[in-house]
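Working through the structure, step by step
These are the residues of each chain, in order.
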Amino acid sequence: MRIIFVSPDGSERSISVREGMSIMAVATSNGIDGIVGECGGNAMCATCHVYISDERLKSLSEEEDELLEGTAEGRTSESRLGCQVKLTGDLDGLRVRLPARQV
Amino acid sequence: MTVPQEQPATEGRRGNGGALPVSDFDPFSIEFFKDPFPIHEELRECGPLFYLSRYGIYGVARYEQVHQVLMDWQTFCSSRGVGLADFAKEKPWRPPSLVLEKDPPEHDRARKILSKVLSPVTVKKLRESFEASAERTVDALLVRGRFDGIGDLAEAYPMSVFPDAVGLGAEGREHLLPYAGLAFNAFGPPNELRDQAIAKATPHVAYVTEQCRRENLAGAGFGAEVHAAVDAGQITSEEAVLLVRSLLTAGIDTTVNGIGAALYCLARFDDQWEALRSEPQLARNAFEEGIRFESPVQTFFRTTTRAAEVGGHVIPEGSKVLMFLGAANRDGRKWERPEHYDIRRVTSGHVGFGAGIHMCVGQLVARLEGELILSALARKVKRIRITGEPVRAFNNTLRGLRSLPMEIE
């Protein structure tokens, strides 16, 4: 399966992913600059903030919801934490928009 | 020093991983602390799990196994102590921490309060005042030119911001670093470091215990926010005192050693200092990479709640397992060119702050301090030079320097 990262300037990168990885893990292991992931995926730092508009996604947990209040770039209804979105098989082709800043 | 040797497996230590490497090497010796890296390498290469016969404990030094132990709190618990002492058999030297030395569900209730007090939202609000203090610190050092990079910078900066952020009174702050040093020494065996720290503990413990009480904390700050959870019915006032104690134990010495680590790296790796000067926005990652490279918190223990499989071996229930965080952070299986300090490295996943449910709750405050002081240096300082022999500080858990004579211009 593949997911597509969309940079703030509109450029796109399609990346082949292994099922079960998180968006944050895919980004940091593929040199996607727009995601930092300072806490390594422990839902603590809010530096893997992304925007996704896709009905296939599961809804926010309370923890993710609280952390999204602290993102560097403004939160919208499409805001998610990349470390909390696990790439299950049904998310093939997911489009992930990157914010301009994470800190 | 003896490094792990393959030894015929004895009963209870046999698994499909073959013979378990056994060593009588002392991971709490001054000799090891002086230069842990060659031993780290041998520990990683001897196998995914080894047995340290001197203390009757198991050890992991590869990234994969250290991460495994950190993440599996059900099997590798913290409530029996994260030092050598097993709280199931020995009385702890102080009342256990409500976060560090507890397991879920008890742990989660207390942790939630600290996470909120130290959340990204709260930490953002500190940026402006912390930044002003970082600028002042560097400006003053530029006037002096020559100074001690540890006492005058790595200690002075956190001491200028963190105690105020907690809401501590002006008196007695000199007890903070000795108290933290004591707490981190106490995780080790009853060696000279631990015994001496405990022998001198009384005034430091008295200060911290007193400072953690609500009436002694400022009306605004981390301390007051923890106590506000009492009003909300989330914790008792006794628990609030212990949670504030966690802030004082883990919030300063660690950051001091983190900043000291990054500074020592930047003073040694000229190309990285130049890279930081040309792109000061790399300051945050320069700090993070310093944490990976030096690992200010070198080790922590867990205790097995049941027989556990690690690297093809079986660890019996009730065993102490020592995680070499510093070794995991330089494991070539995980990191490319691990022995290079590289401020452009993707550092995500290092275990310098731990991982899993006990991962450092104050990491955002630490990063803020690290970023701001390095950024101020990068923008204001042209050259940075070590002018004398750095002196190492020895602690059973923490790695850092006692002094770093240096010059800036």
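What comes next concerns the included structure. What you see is a predicted model; the values in this text were computed from it and never measured.

Some remarks on the packing of helix H5 (residues 120-144) of chain B against helix H6 (residues 149-166) of chain B
Residues and elements named next belong to chain B. At their nearest, the axes of H5 and H6 sit 10 Å apart, and the two run at 150° to each other. Relative to H6, the element H5 is oriented roughly antiparallel. Seen along the crossing, H5 lies across H6 with a hand that is right-handed. Contacts from Phe-130, Glu-131, Ser-133, Ala-134, Thr-137, Leu-141 and Arg-144 in H5 reach Asp-152, Leu-153, Tyr-157, Ser-160, Val-161 and Ala-165 in H6. Class assignment for the residues of the contact of H5 with H6 results in seven nonpolar, three polar and three charged.

Here's the deal with the interface of chain A and chain B
Contacts between chain A and chain B engage 19 residues on the former and 22 residues on the latter. Interface area for chain A against chain B, summed over the two sides, is near 1,300 Å², with a carbon-plus-sulfur share of 55%. The largest share of the area that chain A buries against chain B comes from Glu38(A), Asn42(A) and Met44(A), three residues that together contribute 43% of it. Taken together, the links from chain A to chain B amount to three salt bridges. Of the charged contacts in the structure, one is a salt bridge between Arg367(B) and Glu38(A), with a shortest N-O distance of 3.5 Å. Among the elements of the structure, helix H1 (23-29) and helix H2 (62-67) of chain A are those that each provide at least two residues to the side of chain A that touches chain B.

Points about the pairing of strand E11 (residues 391-394) of chain B
Residue and element names in this part refer to chain B. Pairing analysis gives four bridges linking E11 to strand E12 (residues 399-403), with the strands arranged antiparallel. Paired with Ala-393 across the two strands is Gly-400, which belongs to E12. Between E11 and the antiparallel strand that follows it, E12, lie four residues.

Section: the side chain of Glu294(B)
Residues and elements named next belong to chain B. Inspection of the secondary structure puts Glu-294 in helix H14 (residues 283-294). We classify Glu-294 as buried; its relative accessible area is 5%. A polar atom in the side chain of Glu-294 sits 2.9 Å from the side chain of Arg-268. Apart from residues lying up to four places away in sequence, Glu-294 is in contact with Phe-37, Ala-261, Tyr-264, Cys-265, Arg-268 and Arg-399.

Considering the packing of aromatic side chains
All names here are of chain B. Counted according to the given criterion, the structure contains 15 aromatic pairs over all chains. Between the aromatic rings of Phe-25 and Phe-32, the centroid separation amounts to 5.1 Å while the plane-to-plane angle is 80°, which identifies the pairing as edge-to-face. In this pair, the class of Phe-25 matches that of Phe-32, namely buried. Between Phe-162 and Phe-222 the ring centres are 6.1 Å apart and the planes differ by 50°, which places this aromatic pair in the tilted class. Note that Phe-162 is positioned in helix H6 and Phe-222 in helix H10 (residues 222-231), a separation of 60 residues in sequence. The residues Phe-162 and Phe-222 share a single accessibility class, namely buried. The ring of Trp-335 carries the charged tip of Lys-334 above its face, separated from the ring centre by 5.4 Å.

Cut-offs applied
- Residues numbered from 1 in each chain as written.
- Chains lettered and ligands numbered in written order.
- Predicted model: local features only at pLDDT ≥ 70, side-chain atom pairs only at ≥ 80, totals over all residues.
- Heavy atoms only, no water.
- Axes fitted to C-alpha atoms, helices over the stretch in contact; angles between N-to-C directions.
- Helix = DSSP H or I, 4+ residues; strand = E, 2+ residues; numbered from the N terminus.
- Parallel < 35°, antiparallel > 145°, perpendicular 65-115°, else oblique.
- Left-handed = near helix turned anticlockwise from the far one by under 90°.
- Contact = heavy atoms within 4.5 Å.
- Nonpolar A, V, L, I, M, F, W, Y, C, P; charged D, E, K, R; others polar.
- Buried area = accessible area lost by both parts, 1.4 Å probe.
- Salt bridge = Lys/Arg side-chain N within 4 Å of Asp/Glu carboxyl O.
- Pairing = 2+ DSSP bridges.
- Buried < 20%, exposed > 50% of the residue type's maximum accessible area, 1.4 Å probe, protein only.
- Polar contact = N/O pair within 3.5 Å; in protein donor to acceptor, adjacent residues only side chain to side chain.
- Phe/Tyr/Trp six-rings, centres within 6.5 Å; stacked < 30°, edge-to-face > 60°.
- Lys NZ or Arg CZ within 6 Å of the ring centre and 35° of its normal.

Geometric descriptors of this kind do not, in isolation, establish any biological role.
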